[in-house]
Amino acid sequence: MSFFCQSGTEAVEGALKLARYVSGRSRFIGFLGGFHGRTMGSLAFTSSKYTQQQGFFPTMPGVTHVPYPNPYRPLFAGADQGKAVLDYIENVLFGANVPAAEVAGILVEPIQGEGGYIVPPDGFLAGLRRLCDRHGILLIFDEVQCGVGRSGRMFAAQHWGVAPDIMTLAKGLGSGMPIGAVVARKSIMRQWKRGAHGNTYGGNPLCCAAALATLELVEKSTRRTRPRSAHTSWRGWAN
Ligand SMILES: Cc1ncc(COP(=O)(O)O)c(C=O)c1O
């Protein structure tokens, strides 16, 4: 199910609110080098450069940043930076600093954009999926920049066959028209009570027409791209 809005940052704000609402938890984990927008919730995660942060503190509390697995500039020992980051979250962060049971969601770009166009190692997103499932944490993919055909698939995470609980879209979705979307499994999105979240211009016919035309075009041209792995967890995603 989708909630329509006007921009990427508004989609991220919606995803964060949804995750808090549904989980009853308040903390989040984000990634160094990530870009998620410039409003107070999304800005709390944005860490690709100083300019967006300086002069605006405090933003939304409760966000802990961890390194994004970067095979070109490794921060951890060992060949598999993805596994190292997952171990860091599980053993260091959850072991000593952030109670996993208080974490509502992990917000991540499946391919990190502003932070350097970093393709994560194979296995990283699947590992994040397992970590979230283990602790009842919602996995939020920010596909605002990497989604809607820009990686060769409709959604970048489809290269690894890993499905999120909540996903954010904007940018390419409207081919220049201002539209964003929070997309989530029905079982999650349905939990919002009427009026818990909303806006004025979301879902306006003009932007929706542009998005529909865009999706049709991208769907046709991405159909032939083969996934990098055989995971099929996107099946039945809508439920
Ligand atoms: C991954 C990602 N998320 C969110 C945003 C914010 O989108 P907007 O500028 O439409 O608010 C951006 C913008 O660059 C982005 O790259």
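Since this is a predicted model, take the numbers as computed values, not measurements.

## So, the sheet that holds strand 3 (residues 63-66)
- Strand order in the open sheet formed by seven strands is 1-7-6-5-4-2-3, with mixed pairing between adjacent strands. Only two strands of the sheet have a single partner each, and these edge strands are strand 1 (2-5) and strand 3. The sheet shows a mean angle of 20° between the axes of neighbouring strands, direction not considered.
- Pairing analysis gives three bridges linking strand 2 (residues 27-31) to strand 4 (residues 103-108), with the strands arranged parallel. Note that in strand 4 the partner of Arg27 across the bridge is Val103.

## Quick word on the site of the ligand
- Contacts to the ligand come from Ser7, Gly8, Thr9, Phe35, His36, Gly37, Glu109, Asp142, Val144, Gln145 and Lys171.
- The contact in question runs from a nitrogen atom of the ligand to an N or O atom on the backbone of Phe35, over 3.3 Å.
- Between Asp142 and the ligand, the recorded distance is 2.7 Å, taken from a side-chain N or O atom to a nitrogen atom.
- Expressed as a share of its isolated accessible area of 390 Å², the protein-covered part of the ligand is 84%.

## Focus on the packing of helix 3 (residues 81-96) against helix 4 (residues 124-135)
- The contact between helix 3 and helix 4 brings their axes to 8 Å, and the two run at 20°. Looking at the two axes, helix 3 sits roughly parallel to helix 4. The two elements helix 3 and helix 4 cross, and the hand of that crossing is right-handed. On helix 4, the residues touching Gly82, Val85, Leu86, Ile89, Glu90 and Phe94 of helix 3 are Phe124, Gly127, Leu128, Leu131, Arg134 and His135.
- The class makeup of the residues in the contact of helix 3 with helix 4 is seven nonpolar, three polar and two charged.

## Some points on the packing of aromatic side chains
- A full pass over the atoms with the stated rule returns six aromatic pairs.
- Centre to centre, the rings of Phe28 and Phe45 are 5.8 Å apart; their planes meet at 75°, and the pair counts as edge-to-face. Separated by 17 residues along the polypeptide, Phe28 in strand 2 and Phe45 in the loop between helix 2 (40-43) and strand 3 bring together distant segments of the chain.
- The class of Phe28 is buried, set by a relative accessible area of 1%.
- With centroids separated by 6.1 Å and ring planes inclined at 65°, the aromatic side chains of Tyr68 and Phe124 adopt a geometry described as edge-to-face. Of this pair, Tyr68 sits in the loop between strand 3 and helix 3 while Phe124 sits in helix 4, placing them 56 residues apart in sequence. A single burial state applies to Tyr68 and to Phe124, both of which are buried.
- Three or more aromatic residues joined by ring pairs form one cluster here, namely Phe31, Tyr68 and Phe124.

Calculation criteria
Residues numbered from 1 in each chain as written. Predicted model: local features only at pLDDT ≥ 70, side-chain atom pairs only at ≥ 80, totals over all residues. Heavy atoms only, no water. Pairing = 2+ DSSP bridges. Helix = DSSP H or I, 4+ residues; strand = E, 2+ residues; numbered from the N terminus. Axes fitted to C-alpha atoms, helices over the stretch in contact; angles between N-to-C directions. Near = heavy atom within 4 Å. Polar contact = N/O pair within 3.5 Å; in protein donor to acceptor, adjacent residues only side chain to side chain. Areas by Shrake-Rupley, 256 points an atom, 1.4 Å probe, with all protein chains shown as cover. Parallel < 35°, antiparallel > 145°, perpendicular 65-115°, else oblique. Left-handed = near helix turned anticlockwise from the far one by under 90°. Contact = heavy atoms within 4.5 Å. Nonpolar A, V, L, I, M, F, W, Y, C, P; charged D, E, K, R; others polar. Phe/Tyr/Trp six-rings, centres within 6.5 Å; stacked < 30°, edge-to-face > 60°. Buried < 20%, exposed > 50% of the residue type's maximum accessible area, 1.4 Å probe, protein only.

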